[in-house]
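Now for the letters of each chain:
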Amino acid sequence: MRKVPLLVAGLGVCIVATILGFRVASKGFSKPENDGKSSRQLSAGQNASPADRQIISAQSLIEQSPSDPRGFNLLSAAFMQKARETGDFGLNAKAEAALKHSFELKADDYDALKLRAKLLLTYHRFSEALEVAKRAQTVRPQDHDVYGALTDAQVELGDYEAAVEATQKMVDLRPDTASYARVSYLRYLYGDTQGAVVAMREAAEAASPQDPESVAWCRVQLGKELINAGQLSDAEREFDRALYFFPDYHAALAAKAQARFAAGDLKQAVDFYERAQQRVPLPDYSMALGDLYTKLGREREARKQYELVEFIENAGAIQGTYSRQLALFWANHDQRLDEALSIAEKERRSRWDIYTCDLLAWCLYKKGRLNEAKMSIDEALQLGSSDPLLFFHSGMIANARGDHRLAAQHLKKALAINPSFDILQADVAKRTLESLR
């Protein structure tokens, strides 16, 4: 595999860490082996997913050895996998209950500790996840899997230098789907679009066909990277592949909707978002549907979707999972701006990642606090990411501050990366850019 530098200019560290050279041997990893399930368990239910079969296997192990934490660990991992397959994140509560049993049986069980870090990530409790992952790392520093949790927590908290180091270690130990996917995302964050595509293609090719959700997830992510690279038809083919491997996968349906919207096919975009929402009622899908209905002049249907956004968000707010999306939704629609800013400021006190900085900048802009918005959006752009939304926000802030040259530059860049980066905000970018000519 050819080596491509991460381009970490400005970090002040010599991570010539070639994230995807990442010093890996080409294809030098082993394929997943048979996990030991019996043929009876594997055939239990013709339509059983890998997670379903793992749940059966775990329950059988618990019955045979109720005092062994391994069965509860397997069950916890299976429930987390099932949550990913279905989008029913309430299953994570069952995963947590299984882990509790495991810790009761063996307080210092390593596998339970590692699973605990992953579970905390699903709850967006990133600082706690990082602490637990570090504890696991000290126990088994040669386990490549624990570096994935370290990377994820560090990225969400905005410690990108540490995330690069953790991912480098992960790839050094075992280059596989999980490590390649993190390589891809870090490349994306640093603005290396082509490198992100290459790494995610490696992740997709390395994914086991025995885990169709993993294959589909990789194909969706690859498609999104291809959109950033301006390869829309190739991106849509990846979304179709994802649906082939894992039919009715909600993330692939939503991605297909985005591709149809980019192609100007609003009817199909609505249809695919509706299918995704029927599978999993996520706030992102309701936001997109509401915006599509607004664009189509279907105001009554749009209002229903916007009301659903807040209902879903408020239901998830018990664990604080969706607060950032809700703040962005309010800011985009000029609603409840004081509350949106309060959420953004709260997030910013605990997280320093570029998307929290971006959210705060956007909320400050909407409140007319332009100098503070400028400082925050500059922080959001620090890595050189090619996310069009960041450049759109920067352009709008620059325009409001009277810096029309920078405004035009960044609005043009946002639209050049993806002319359909947002259902409604892309139109705002086009109108604003036109006014500057």
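The preceding data block contains the structure.
Here's what I pulled together on the structure shown here. Keep in mind the model is a prediction, meaning the values are calculated, not measured. Along each chain, the written sequence defines residue order, and numbers are assigned to residues from 1. Thresholds applied to this predicted model are a pLDDT of at least 70 for local features of residues and 80 or more for the giving and counting of side-chain atom pairs; totals over whole chains, interfaces and linings are not thresholded and use all residues. The side-chain numbers reported here are obtained from all heavy atoms of the structure, hydrogens and water having been left aside.

## Focus on helix α11 (residues 212-228)
Phase 1 of the analysis: Only DSSP runs of H or I with at least four residues qualify as helices, and only runs of E with at least two residues qualify as strands; both kinds are numbered from the N terminus onward. Between the first and last residue of a helix there are one fewer steps than residues, each counted as 1.5 Å, and that sum is the expected span. Helix length check: α11, at 17 residues, gives a terminal C-alpha distance of 25 Å against a target of 24 Å (1.5 Å per residue), a fit within 8%.
Phase 2 of the analysis: Among the 17 residues that make up α11, 14 are buried, leaving the element largely enclosed by the rest of the structure.
Phase 3 of the analysis: Looking one or two places after α11, you find Gly230, whose phi comes out positive at around 80°. A simple rule labels every residue: compare its accessible area, found with a 1.4 Å probe on the protein chains alone, to the largest value its type can have, and call it buried under 20%, exposed over 50%, or partly exposed in between.

## Side note on the packing of helix α19 (residues 354-366) against helix α21 (residues 388-400)
Phase 1 of the analysis: Lines fitted to C-alpha atoms define the axes here, with helix axes fitted over just the stretch in contact, and angles between the N-to-C directions of these axes take values from 0 to 180 degrees. Close contact between α19 and α21 brings their axes to 10 Å; oriented N to C, the two are set at 30°. Relative to α21, α19 is oriented roughly parallel. For the crossing formed where α19 meets α21, the hand is left-handed. Listed contacts from α21 to Ile354, Tyr355, Asp358, Ala361, Trp362 and Tyr365 of α19 are Leu389, Leu390, Phe392, His393, Met396, Ile397 and Ala400.
Phase 2 of the analysis: In this classification, the charged set is Asp, Glu, Lys and Arg, the nonpolar set is Ala, Val, Leu, Ile, Met, Phe, Trp, Tyr, Cys and Pro, and all remaining amino acids, among them Gly, are polar. Across the contact of α19 with α21, the residue classes tally to eleven nonpolar, one polar and one charged. To sort the angles, those under 35 degrees are grouped as roughly parallel, those over 145 as roughly antiparallel, those from 65 to 115 as roughly perpendicular, and the leftovers as oblique. Less than a right angle of anticlockwise turn of the near helix away from the far helix marks a crossing as left-handed, whereas a clockwise turn marks it as right-handed. Contact between two residues is taken to exist if any of their heavy atoms lie within 4.5 Å; hydrogens are not considered.

## Re the packing of aromatic side chains
Phase 1 of the analysis: Two aromatic rings, drawn from Phe, Tyr or Trp (for Trp, its six-membered ring), form a pair once their centres lie within 6.5 Å of each other, and the interplanar angle then sorts them: stacked below 30 degrees, edge-to-face above 60, tilted otherwise. The tally for this structure, following the rule as stated, stands at seven aromatic pairs.
Phase 2 of the analysis: Centroid distance Tyr244 to Phe245: 5.6 Å. Interplanar angle 75°. Geometry classified as edge-to-face.
Phase 3 of the analysis: Overall, Tyr244 belongs to the exposed group, its relative accessible area being 67%.
Phase 4 of the analysis: Residue classification places Phe245 among the partly exposed residues on the basis of a relative accessible area of 35%.
Phase 5 of the analysis: Summarising the aromatic geometry, the rings of Trp362 and Tyr365 are spaced 4.9 Å apart at their centres and angled 20° between planes, so their arrangement reads as stacked. Of this pair, Trp362 and Tyr365 are both found in helix α19, three residues apart, which corresponds to roughly one turn of the helix. By the burial criterion, Trp362 is buried, and Tyr365 matches it.
Phase 6 of the analysis: Linked through ring pairs, Trp362, Tyr365, Phe392 and Phe421 together constitute an aromatic cluster.
Phase 7 of the analysis: Lysine NZ or arginine CZ positioned within 6 Å of the ring centre and within 35 degrees of the ring normal marks a charge as sitting over the ring. Above the face of the Trp352 ring, Arg348 is positioned so that its terminal group lies 3.8 Å from the ring centre.

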